[in-house]
Every structure is written in C-alpha cells, then in structure tokens.
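The chain contents come next:
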Amino acid sequence: MKLAVSGKGGVGKTTISACLARLFAGQGYRVLAIDADPDSNLASALGIPSEKAAQILPISRSSELIEERTGAKPGQSGSMFKLNPRVDDLPDSMSVEHDGVRLLVLGAIEKGGHGCICPQSTLLKSLVSHVVLRRKELVLLDMEAGIEHLGRGTAKGVDALLVVADPDRQSIQTARTIDRLARETGIEKVLVILNKVRSSEEEELLRKGLKNMHILGVVQDSPGVRLASLKEAAPDPGDAAFNRQIEVLVNGLKERLQ
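Residues numbered from 1 in each chain as written. Predicted model: local features only at pLDDT ≥ 70, side-chain atom pairs only at ≥ 80, totals over all residues. Heavy atoms only, no water.

1. Let's talk about the overall build of the chain
- Within the chain one finds eleven helices and eight strands.
- The 258 residues of the chain split such that 50% are buried.
- Intrachain contacts of the chain at a sequence separation of at least 6 include 75% that bridge at least 24 residues.
- When the accessible surface of the chain is summed, it comes to about 12600 Å², and 46% of that surface belongs to carbon and sulfur atoms. (Helix = DSSP H or I, 4+ residues; strand = E, 2+ residues; numbered from the N terminus. Buried < 20%, exposed > 50% of the residue type's maximum accessible area, 1.4 Å probe, protein only. Contact = heavy atoms within 4.5 Å. Areas by Shrake-Rupley, 256 points an atom, 1.4 Å probe, with all protein chains shown as cover.)

Below you can see the structure in the form of structure tokens.
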C-alpha cells in the first residue's frame, strides 16, 4: 500500500501518520515512513529519541548528495542538471529505523518559488515517484499541511489519500478543497479521518460538513496522546479505546485497498 496523509495544519496528521506506521509495522508490514512536511515532526511522533532524530539529515539539505546525483550545486542559478537522477538507494541509505519503521526525511526547499525546477526539487520529486511506484513495501507519506503539495503532483500514484480533519470549520473547508484537487490529479480514493473528536455532536457536525466524502473512521480526543507528545514519546498512551480506533483505521484501509 502507498498512502499519503494530508490536512490543515494542526489537525494531527503527523500523529495519525505515526500511529498508522507503528501499527502496520507491528502487524509485520515492512514500513517506510516519509516526512514530506517542511515542518518535520514525524521523527518525534514515532518516538525516535531526540539525540537520534537530531542526526537525521533531510535530503534537501544534503548538498553533496544533490550535486552528486543531479550534477548541479543547490542554489546555483543557470546550471544544467539531470532530470532523472539515481534515487533507488536513498530510501535505505538515508533513512533511520526505529521500532520496525524506517523514516526518511525530505526537508524543505529553502530557495526558489512555488513549483521551482531546481536540483533539490528534482531529486525529491524523483525520490517520491520511486518509492510510490517501485518500492515493494508499505509507504506512508506525511505531507505538508494544506493543499500545496497536490498542486505539484507529489501525491500522484498513491493508493489512497487520507485527509485528517478535526472539529474546526477551516479544517472542513480544507478537507473539501483537498478532495477536489486530489480527484483532479487522478487520486481515486480519498478517505477522511475525523480526529480529536470530543463529543457525538462534534462528530455529527463533522460528518454533515463532509457529507459527500468517505469517512474511514473516528479518533476521539486523547489526553494521553497530548501528554506523550509533551514527553517526546510515541503516541502510545495505554488508552485502549484510542488503540482500538487506530486498529479500525488500519483494518478499514486493508479492506478497501487489498
């Protein structure tokens, strides 16, 4: 399965991504989690110790690697570079493993405008295409907040786009926009996860606001998850109800995609 997770900033998509990755790995899947959000937080959500996470070098900041693979230095204007650089070895050589999940951090493009054609973006685009189309494992991409990544087509080719929404009007509007743009880029399965729900009334209003979208499952608000985040630990609060809700998401995905 190749999954991408998106949603408005602050809805908890990184936490959901980490929980899904850990549960799939616990079920014996070979999991590659990709932090494709410029505001990289997936390492901490996976419970990777801060000293180990600090050693992870995002691909976009690996200047020597970018020059070696593309033939051009990052930030050098007017230079020629390869549009199909070699990337097949990067998921293994540039990732770190923790509790059965391999993590690869893409990082942000520091220079250049929207949709820029530069050595960094070319390498990242080739890398994402490779892991989505050619890797024989479960790939889970934690995308940047909002909808910008869909405009660049980096989510193309995934089996499903998971849109996380919480009880917030702007979150609902963003989810609707993501759904429309996803279908325009050829993504057929767009599934919504209702997150941080605190009451049946909130769930009802969310379902009403997203009535034309498929709801994969509901994850209730969990104080244990918030506490784990403050402790820089993986979201494993010992909350049986929370764990069951994540299992429902995983089972629903396997049912729909396999």
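2. Considering the pattern of salt bridges
- Applying the stated criterion across every chain, the model contains 16 salt bridges.
- In this structure, Asp 89 engages Arg 69 in a salt bridge whose closest nitrogen and oxygen atoms are separated by 2.8 Å. Taken together, the residues Asp 89 in the loop between α4 (63-70) and α5 (90-93) and Arg 69 in helix α4 connect sequence positions 20 residues apart.
- Arg 69 gets classed as buried once you look at its relative accessible area, which sits at 9%.
- The shortest N-O distance in the salt bridge between Arg 86 and Asp 89 comes to 3.9 Å. (Salt bridge = Lys/Arg side-chain N within 4 Å of Asp/Glu carboxyl O.)

3. Considering the confidence of the model for the chain
- Of all residues in the chain, 89% attain a pLDDT of 70 or more, and the chain-wide mean is 87.
- Within the model, pLDDT remains below 50 along residues 111-115, and this stretch shows four contacts once partners closer than five positions in the same chain are excluded. (pLDDT = per-residue confidence, 0-100.)

4. With respect to the sheet that holds strand β8 (residues 214-220)
- Read from one edge of the open sheet, eight strands run β3-β4-β2-β5-β1-β6-β7-β8, paired in mixed fashion. Two strands in the sheet have a free side with no partner beyond their single neighbour: β3 (96-98) and β8. The mean angle between the axes of side-by-side strands here comes to 25 degrees, regardless of whether they run parallel or antiparallel.
- Bridge count between strand β2 (residues 31-36) and strand β5 (residues 138-143): six bridges; the pairing is parallel. The residue bridging Val 31 from the neighbouring strand is Leu 138, located in β5.
- Most of the contacts of helix α9 (residues 200-209) go to strand β7 (residues 190-197), to which it runs at about 155 degrees, and overall it touches β7 and β8.
- Relative to the sheet, helix α11 (residues 240-257) contacts β1 (2-7), β6 (160-165), β7 and β8, its axis offset from that of β8 by approximately 165 degrees. (Pairing = 2+ DSSP bridges. Axes fitted to C-alpha atoms, helices over the stretch in contact; angles between N-to-C directions.)

5. Description of the side chain of Ser 95
- As for its position among the elements, Ser 95 is in the loop between α5 and β3.
- One polar contact links the side chain of Ser 95 to the main-chain carbonyl oxygen of Pro 91, over a distance of 2.5 Å.
- Polar side-chain contacts of Ser 95 include one of 2.8 Å to the side chain of Arg 102.
- Non-local contacts of Ser 95, meaning those with residues more than four positions away in its chain, are made with Leu 90, Arg 102, Leu 103 and Leu 104. (Polar contact = N/O pair within 3.5 Å; in protein donor to acceptor, adjacent residues only side chain to side chain.)

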